[in-house]
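Next come the chains, spelled out residue by residue.
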Amino acid sequence: MIASPATRPATWVGAAVKRVEDPRLLRGRGRYLDDLELPGLLHAAFVRSLHAHARVRGVETALARRASGVAAVLSARDLPPGLGALTPRLEAPEFAPTCWPVLATDRVRFVGEPVAVVAAADPYRAVDAGELVHVDYEPLPGVASVEAALAAGAPALHASCEGNVLFTARHAQGDVAGAFARAAVVLRETFRHGRCSAAPIETRGLIAAWDGDALTVWSGTQVPQILRAALAAALGLGQHRVRVVVPDTGGGFGQKMHVLPEDLAMAVLARVAGRPVKWLETRRENLAAASHAREQRMEVELAADAAGRVLALRASIASDAGAYHAYPVTAALEPLGSAGILPGPYAIAAYAYEVMAVATCKPPLGAYRGVGMAMSVFALERLLDCLAERLGVDPAEVRRRNLIPPGAYPFESAAGFVYDSGDFPEMLARALDLGAYERRRREQAAARGAGRLIGIGLSCYTESTGGGSRTYRRRGMTEVPGPEAATVRMEPDGTVRCVVSFPSQGQGHATTVAQVVADALGVALSRIAVVAPDTAVAPPGSGTFASRGAVVQAGAVARAGDLVRQRLLDVAAALLEASPADLVLAAGRVGVRGAPARALDVAEVAHAAYAPPAGGLPPGATPGLEATAYFDPPGPAYAGAVHMASVEVDAETGRVRVLSYAVVEDCGPLINPVIVEGQVHGALAQGIGEALGERLVYDEGGQLLTGTLMDYAIPTAAGLPPFEVGHLETPSPITPGGYKGMGEGGTVGAPACIANAVADAVRPIGVSITALPILSETLVPGERLPDQFLEPWPGAHAEGT
Ligand code: MCN
Ligand code: SMO
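What counts and what doesn't
- Residues numbered from 1 in each chain as written.
- Chains lettered and ligands numbered in written order.
- Predicted model: local features only at pLDDT ≥ 70, side-chain atom pairs only at ≥ 80, totals over all residues.
- Heavy atoms only, no water.
- Helix = DSSP H or I, 4+ residues; strand = E, 2+ residues; numbered from the N terminus.
- Rg over C-alpha atoms; globule rule 2.2 N^0.38 Å.
- Buried < 20%, exposed > 50% of the residue type's maximum accessible area, 1.4 Å probe, protein only.
- Contact = heavy atoms within 4.5 Å.
- Areas by Shrake-Rupley, 256 points an atom, 1.4 Å probe, with all protein chains shown as cover.
- Lys, Arg positive; Asp, Glu negative; His and termini not counted.
- Charge placed at Lys NZ, Arg CZ, Asp CG, Glu CD.
- Salt bridge = Lys/Arg side-chain N within 4 Å of Asp/Glu carboxyl O.
- Phe/Tyr/Trp six-rings, centres within 6.5 Å; stacked < 30°, edge-to-face > 60°.
- Pairing = 2+ DSSP bridges.
- Axes fitted to C-alpha atoms, helices over the stretch in contact; angles between N-to-C directions.
- Disulfide = S-S within 2.5 Å.
- Near = heavy atom within 4 Å.
- Polar contact = N/O pair within 3.5 Å; in protein donor to acceptor, adjacent residues only side chain to side chain.
- Nonpolar A, V, L, I, M, F, W, Y, C, P; charged D, E, K, R; others polar.
- Parallel < 35°, antiparallel > 145°, perpendicular 65-115°, else oblique.
- Left-handed = near helix turned anticlockwise from the far one by under 90°.
- Expected span 1.5 Å × (residues − 1).
- pLDDT = per-residue confidence, 0-100.
- Core = buried A, V, L, I, M, F, W, Y, C linked by side-chain atoms within 4.5 Å.

### Structural notes on the overall build of the protein chain
Now for step 1: Counting secondary structure elements, the protein chain contains 19 helices and 29 strands.
Now for step 2: The C-alpha atoms of the protein chain give a radius of gyration of 28 Å, which matches the 28 Å a tight globule of 801 residues would have.
Now for step 3: With respect to the principal axes defined by its C-alpha atoms, the protein chain has extents near 90 × 70 × 45 Å.
Now for step 4: Buried residues in the protein chain amount to 62% of all 801 residues.
Now for step 5: A fraction of 80% describes how many contacts in the protein chain between residues 6 or more apart in sequence connect residues 24 or more apart.
Now for step 6: Surface accessibility of the protein chain: about 28,800 Å² in total, with carbon and sulfur atoms responsible for 53%.
Now for step 7: Looking at the protein chain, you have 70 positive and 82 negative side-chain charges, and the mean spots of the two groups are 2 Å apart.

Written as structure tokens, this is what we have:
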């Protein structure tokens, strides 16, 4: 049942409250970046590299400067001499930094890299003038793939990194060699994942405006404080002179947690133009030049005993990381994330991995929902199905034999991570039940008899969520702070304003934050406004990523709420002539326990807190009802889920139709079940898209062939099955309220689940699945299969500039 915000459930946390942001957003009254207007606003367009790899011999901007309506044109030589470049760091022994200039200086390393930028009176004139910028390129041999980048004699992309290797790391735990020596079954497979894009519906963009020496930017960033710090550092300004305002945002999905060269270039452009400037990425720019995700090769070996118990894993992982480290996550993010989570929710004693991030002439890999994890869940869950087949046991049974028993937590994985909580055997049982596994297996057998290719897939995963400073320092990340913060103020009329350090890109924080505050202050949701982050008023934090919102809400927001509650009770105690310990605060009223007549509306108490009564405030109390609290999430807390899907593959065309999808997830207690289910649905849609269609394809010249949403196939609601979602709540013992994150979960588990279902469907016709996305043409035997992954492009790109 959905409660309307006007009626108060027993507690707000846990109630299936409708999202308070939706009436505004669904009626088209949201204010996104492109809705913002400023007096004298100019519009920017970037001139981008046409080449995958080239020397830049010169950039001629004179013609563009003279074009109609043009206010400013910048190339690298017009940038202030001291302007910093983007050089994210990682404190790790085998990390080679890259320096990504704000506008290309002497070299470009991928198609789409920013070379110059124009500010003009409208976006069309900006683009037209951009075409008048002449860039003199000397094409160089490109580096199209990990194989090409590592080959002897490959062109070196950065002087700072030998052999194009940006990062390596390795780990070994337990008796890996012994386990492989005594194993009854050893499986080996190489899995691949293509490139994909977070493809938020609202592309990236930014407005920059100067007032004297102070810069304000509006951006749908996930990380306002990190963006502010990067702008301040690059421009040599104090952080107090840089303000980042986050308007309504139409999705980020990880892509908006990066600071990219355009962000810095815009600040300089507005300064030079002497007027505010807006830049909004086109879809083509977003697909071609914003961060990409996933592209990886993973070789995995699995050792198991005769009963199908996995004894050990060995993995070798190579990410095709693109041309530069993305700020602030670096190219270590994807391969290290994959390696760390590979053992999943299974009791596997021994594990060794080596990882590598390799520079190629493509946009940098960055964060995308399910980062790192989606790939390793795909690899391990595919191998478990292969193990089941080899031993002739049911795939569900193989998982049952390996899942961590609920009594074994805290459990140290063979990757060295401590999982805090979970009950995967129970989750598996519930998912099989919810997805009607037994019945669907019977139906599958009957359908196969009739020649239909029906398959059932499972995936189980555990997911690292809610990290704080310890998590990021352990990984060597220096630019991600860790803590979050919230300021809660009860206004003189008893309404509440809450400002948080972490923005929402669609996760519904205005609702879930308000639910937490409502419980702390005993007032209805309708009295609470959660204000979008603006670094001028929001306390410093880190940002929204790594599914840390729920953990942080319970930490920072509830703490600030409790501090205000304490002040409120102190003032009420003075007014009611009672001890604070004898007061009850609920349903917007403060009363004396056992004396129902002696009660005040919180508005009366709040008024007194700001306009002290004749008798004054209680001794020691100061006016006002406001508190700021900081919270460093203790995480990671390990959430998880079990997915079950059934699919049908068309034997003639290879087209895959997803017939059913069931998920049982565990993010601890739910703050808001409506929001959690919405998050699961959205994440599943992205995961299914990742499995079945989304693929950035490059040609031999390093040109992107899939630069529109006609070619880059994101899923639509019409192509998706109904989703059934169940919950198991094993509270985390390490987070406030026991919450664990879940915003990425569906995307972590869906590619593997769909891959297993498709593999199960096409097994009778001898097709195996080892690569994502799964292309229909690879499912039809006898067809010549297209090369799913790039061959290195041969050399200098012949086309003129
Ligand atoms: N929640 C809850 N109870 C829990 C756990 C979560 O009610 N036990 C709620 C939270 O309060 C929050 C939502 O579910 O409103 C997601 O919470 P959480 O898992 O903590 O994730 P974050 O809020 O930190 O959001 C980040 C996460 C990530 S990393 C990506 S990527 C992603 C995602 O959220 N990007 C999104 N979901 C997205 N959804 C939308 N619409 N747009 C994006 O860009
Ligand atoms: S990819 Mo999510 O922003 O961690």
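Still to come is the rest of the account.
### Describing the pattern of salt bridges
Two side chains that carry opposite charge are able to pair once their charged atoms sit near each other.
Now for step 1: Throughout the structure, instances matching the rule amount to 48 salt bridges.
Now for step 2: Here Lys278 ties to Glu37 by a salt bridge, and the two come within 3.9 Å at their closest N and O atoms. In this pair, Lys278 sits in strand 12 (residues 277-280) while Glu37 sits in the loop between helix 1 (22-26) and strand 1 (42-48), placing the two residues 241 residues apart along the sequence.
Now for step 3: For the salt bridge of Lys362 with Asp320, the shortest nitrogen-to-oxygen distance reads 2.7 Å. With Lys362 in the loop between strand 15 (350-359) and helix 10 (373-391) and Asp320 in strand 14 (residues 310-322), the pair connects residues that are 42 residues apart, well separated along the chain. Asp320 shares its class with Lys362; the two are buried.
Now for step 4: The network of salt bridges with common partners includes Glu389, Asp394, Arg441, Arg448, Asp760 and Arg763.

### A word on the packing of aromatic side chains
Now for step 1: Counted according to the given criterion, the structure contains 11 aromatic pairs.
Now for step 2: Taking 6.0 Å as the distance between ring centres and 75° as the angle between the ring planes, the aromatic pair formed by Trp100 and Phe110 counts as edge-to-face. One end of the pair, Trp100, is in the loop between strand 3 (70-75) and strand 4 (107-108); the other, Phe110, is in the loop between strand 4 and strand 5 (114-120), with 10 residues separating them in the sequence.
Now for step 3: Considering the side-chain rings of Tyr661 and Phe723, the 5.9 Å spacing of their centres and the 85° angle between planes classify their relative orientation as edge-to-face.

### Focus: the environment of His134
Now for step 1: Here His134 is to be found in strand 6 (residues 134-139).
Now for step 2: Residues His134 and Pro492 lie 358 residues apart in sequence; the distance between their C-alpha atoms is 60 Å.

### Structural notes on the sheet that holds strand 1
Now for step 1: Strands sit in the order 3-5-1-12-9-10-11 across an open sheet of 7 strands; the sheet is mixed. Edge strands, defined here as strands with exactly one partner in the open sheet, are strand 3 and strand 11 (242-245). For this sheet, the mean inter-axis angle between neighbouring strands, taken without regard to orientation, is 20°.
Now for step 2: Two strands pair when backbone bridges link them, and strand 1 and strand 12 are joined in this way by 2 bridges, in the parallel orientation. When the sheet's bridge partners are listed, His43 is paired in strand 12 with Lys278.

### Comments concerning the state of the cysteines
Now for step 1: By the definition in use, this model includes 0 disulfides.
Now for step 2: Not part of a disulfide, Cys361 finds its nearest cysteine sulfur in Cys161, a span of 11 Å.

### A closer look at the site of ligand 1
Now for step 1: As a matter of local geometry, ligand 1 sits amid 32 residues, with His509, Gly549, Gln679, Met742 and Gly743 nearest to it.
Now for step 2: Measuring from an oxygen atom of ligand 1, one finds a backbone N or O atom of Arg548 at 3.0 Å.
Now for step 3: Look at ligand 1: alone it shows 830 Å² of surface, and the protein chains cover 96% of it.
Now for step 4: Of all the secondary-structure elements, those providing two or more residues to the shell around ligand 1 are helix 15 (509-521), helix 16 (549-576) and helix 18 (673-692).
Now for step 5: Among the residues making up the shell around ligand 1, the classes are represented as 12 nonpolar, 16 polar and 4 charged.

### Some remarks on the sheet that holds strand 20 (residues 496-500)
Now for step 1: Pairing is mixed in the open sheet, where 4 strands are placed in the order 21-20-19-25. A strand with exactly one partner marks an edge of an open sheet, and here the two such strands are strand 21 (528-531) and strand 25 (626-631). Neighbour to neighbour, the strand axes of the sheet diverge by 15° on average, direction disregarded.

### Some details on the packing of helix 18 against helix 19 (residues 745-762)
Packed helices, taken two at a time, are described by the angle between their axes plus the distance between the axes.
Now for step 1: With their axes 7 Å apart at the nearest point, helix 18 and helix 19 run at an angle of 45° to one another. One finds that helix 18 runs oblique with respect to helix 19. Both helix 18 and helix 19 take part in a crossing whose hand is right-handed. Contact residues: Ala683, Leu684, Gln686, Gly687, Ile688, Glu690, Ala691 and Leu692 in helix 18; Gly746, Thr747, Ala750, Pro751, Ile754 and Val758 in helix 19.
Now for step 2: Residues that form the contact of helix 18 with helix 19 fall into these classes: 9 nonpolar, 4 polar and 1 charged.

### Side note on helix 7 (residues 261-273)
Now for step 1: Between its first and last C-alpha, helix 7 extends 18 Å over 13 residues, near the 18 Å set by a 1.5 Å rise per residue.
Now for step 2: Every buried residue of helix 7 is accounted for by Pro261, Glu262, Asp263, Leu264, Ala265, Met266, Ala267, Val268, Leu269, Ala270 and Ala273.
Now for step 3: Phi turns positive one or two residues past the end of helix 7, at Gly274, with a value near 70°.

### Focus: the confidence of the model for the protein chain
Fine structural detail should not be taken from predicted coordinates in areas where pLDDT scores are low.
Now for step 1: This prediction gives the protein chain a mean pLDDT of 94; 96% of its residues lie at or above 70.
Now for step 2: In the predicted structure, residues 1-9 sits below a pLDDT of 50 and forms 18 contacts with residues beyond four places in sequence or in another chain.
Now for step 3: For residues 788-801, every residue scores under 50 in pLDDT, and the model assigns this stretch 45 contacts once sequence neighbours within four places are set aside.

### Focus: the side chain of Ser421
Now for step 1: Note that Ser421 resides in the loop between strand 17 (418-419) and helix 12 (424-434).
Now for step 2: Exposure remark for Ser421: the relative accessible area of 7% places this residue in the buried category.
Now for step 3: Of the polar contacts made by the side chain of Ser421, one reaches the side chain of Asp420; its length is 3.1 Å.
Now for step 4: A distance of 2.8 Å separates the side chain of Ser421 from the side chain of Lys740, its partner in a polar contact.
Now for step 5: Dropping the residues within four chain positions of it, Ser421 is found in contact with Tyr409, Tyr638, Thr730, Pro731, Ser732, Pro733 and Lys740.

### Brief notes about the environment of Val217
Now for step 1: Within the secondary structure, Val217 is located in strand 10 (residues 214-218).
Now for step 2: With a relative accessible area of 0%, Val217 lands in the buried category.
Now for step 3: For the pair Val217 and Ile207, spaced 10 residues apart in sequence, the C-alpha separation works out to 5.3 Å.
Now for step 4: If near-sequence neighbours (up to four positions away) are discounted, Val217 is found in contact with Leu206, Ile207, Ala208, Leu227, Leu231, Arg243, Val244 and Val245.

### Considering the side chain of Ser197
Now for step 1: Checked against the element boundaries, Ser197 lands in the loop between strand 8 (185-193) and strand 9 (205-211).
Now for step 2: Of the polar contacts made by the side chain of Ser197, one reaches the backbone nitrogen of Ala199; its length is 3.0 Å.

### So, the nonpolar core
Now for step 1: The biggest cluster of nonpolar side chains holds 166 residues, and the ones touching the most others in it are Leu302 and Tyr661.
Now for step 2: Here this core gets 11 residues from one element, more than from any other, and that element is helix 19.
Now for step 3: Ranked by size, the runner-up nonpolar core spans 53 residues in total, among them Trp12, Phe502, Leu525 and Leu569.

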